[in-house]
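Chains, contacts and geometry: an overview
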Amino acid sequence: GDSVIQMQGQVTLSENDFLFINCTYSTTGYPTLFWYVQYSGEGPQLLLQVTTANNKGSSRGFEATYDKGTTSFHLQKTSVQEIDSAVYYCAMRERGSSGNKLIFGIGTLLSVKP
Amino acid sequence: GALVYQYPRRTICKSGTSMRMECQAVGFQATSVAWYRQSPQKTFELIALSTVNSAIKYEQNFTQEKFPISHPNLSFSSMTVLNAYLEDRGLYLCGAAGQGGGISNERLFFGHGTKLSVL
């Protein structure tokens, strides 16, 4: 079935470190891919999304490339800050399905130490 | 801007009782609303999709008898957890998509969620 895999449950970094969060997906179609960020006590917020394969999305210094060959959508940031501490969810929506029907990964908790 | 409010933020109910949660869209018309649950140590599971003037579609493992949903207009939706037990605890999220307010109908806006604890 359709799924989104995030292998890292938790990532701990220091400020200005490079961030890489792994995400791979499995589906038969051509999905739209998303990264959501959830800060403590809040609902998830859209960080970035990419609809077309081989395109890159970016926001607030974060970026992710939709790689259809490796079915991946890894999240990267060159230099993380303490305020980036949150849970990051990779998600996908199948093409043609409702805007609300997303499949989420398990989430990766990012902790950035000052 | 487009916002989604959920209330209550937190609630506790006794095992076997029911609990109603509400979702309000502000700044846009929520033509479709999705209810998700995030159980402890798990990711978000879709419970059901509700589109105004259409039947509510429930995902496998979730039923109308357990999670009745109302979506009477373009700004409001509610869901009740009937006969709540320990396995129903978690964060219930409302995600709304729609039109107006300069937003794309592809964009999903989430509320803060309602955290349900069951004693």
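Being a predicted model, the structure only gives us computed values, none of them experimental.

As a further point, take the pattern of salt bridges. Throughout the structure, instances matching the rule amount to seven salt bridges over all chains. Here Lys-101 of chain A makes a salt bridge to Glu-59 of chain B, at a shortest N to O gap of 3.5 Å. Separated into two different chains, Lys-101 of chain A in the loop between β10 (86–93) and β11 (103–104) and Glu-59 of chain B in the loop between β6 (57–58) and β7 (69–73) make up a pair that spans both. Here Glu-45 of chain B and Arg-37 of chain B are joined by a salt bridge, their closest N and O atoms 3.8 Å apart. With relative accessibility at 29%, the residue Glu-45 of chain B sits in the partly exposed group. According to the relative accessible area criterion, Arg-37 of chain B is buried, its value standing at 9%. Several salt bridges converge on common partners, so that one network encompasses Arg-37, Glu-45, Lys-66 and Asp-88 of chain B.

On to the sheet that holds strand β1 (residues 3–7) of chain B. Strand pairing within a sheet occurs via backbone hydrogen bonds; the two strands may be parallel or antiparallel. Residue and element names in this part refer to chain B. Across the sheet, four strands lie side by side as β1-β3-β8-β7; this open sheet has antiparallel pairing. The sheet is open, and its two edges are formed by β1 and β7, each paired on a single side. Here the strands of the sheet are splayed against their neighbours by 15° on average, with no regard to which way each runs. Across five bridges, the pairing between β1 and strand β3 (residues 19–26) is antiparallel. Bridging across to β3, Val-4 finds its partner in Ala-25.

Counting residues at the interface gives 17 residues for chain A, matched by 24 residues for chain B. Both faces combined, the contact of chain A with chain B buries some 1600 Å², and carbon together with sulfur accounts for 53% of it. Among the residues of chain A in contact with chain B, Asn-100, Lys-101 and Phe-104 of chain A are the three that bury the most area, contributing 35% of the side total. Counting across the chain A and chain B interface gives one salt bridge. The interface formed by chain A and chain B includes four residue pairs in polar contact (both at pLDDT 80 or more). Among the secondary structure elements, those contributing two or more residues to the side of chain A that touches chain B are β5 (32–38) and β10 of chain A.

Rules and cut-offs
Residue indices begin from 1 for each chain and proceed along its sequence in written order. Throughout, the order in which chains and ligands are written sets their labels, letters from A for the former and numbers from 1 for the latter. Two thresholds apply to this predicted model, a pLDDT of at least 70 for residue-level local features and 80 or more for giving and counting side-chain atom pairs, whereas whole-chain, interface and lining totals are computed over all residues. Hydrogens are left out, water is left out, and the side-chain values use all remaining heavy atoms of the structure. The working definition used for a salt bridge is a side-chain nitrogen of Lys or Arg within 4 Å of a carboxyl oxygen of Asp or Glu. Helix and strand definitions here come from DSSP, where helices need a minimum of 4 consecutive H or I residues and strands a minimum of 2 consecutive E residues; each element is numbered from the N-terminal end. The cut-offs for exposure are 20% and 50% of the maximum accessible area for each residue type, with area from a 1.4 Å probe on protein chains only; residues under the lower value are buried, those over the upper are exposed, and the others partly exposed. Any two strands with at least two DSSP-identified bridges between them are counted as paired. Think of each axis as a best-fit line through the C-alpha atoms, taken over the contacting stretch in the case of a helix, with angles from 0 to 180 degrees between the N-to-C directions. Two residues form a contact once any of their heavy atoms are found within 4.5 Å. What counts as buried area is the accessible surface, traced by a 1.4 Å probe, that two parts surrender upon association, with contributions from both included. Counting of polar contacts relies on pairs of N or O atoms within 3.5 Å, with two restrictions inside protein: one atom must be capable of donating a hydrogen and the other of accepting it, and residues adjacent in sequence are counted only when both atoms are side-chain atoms.

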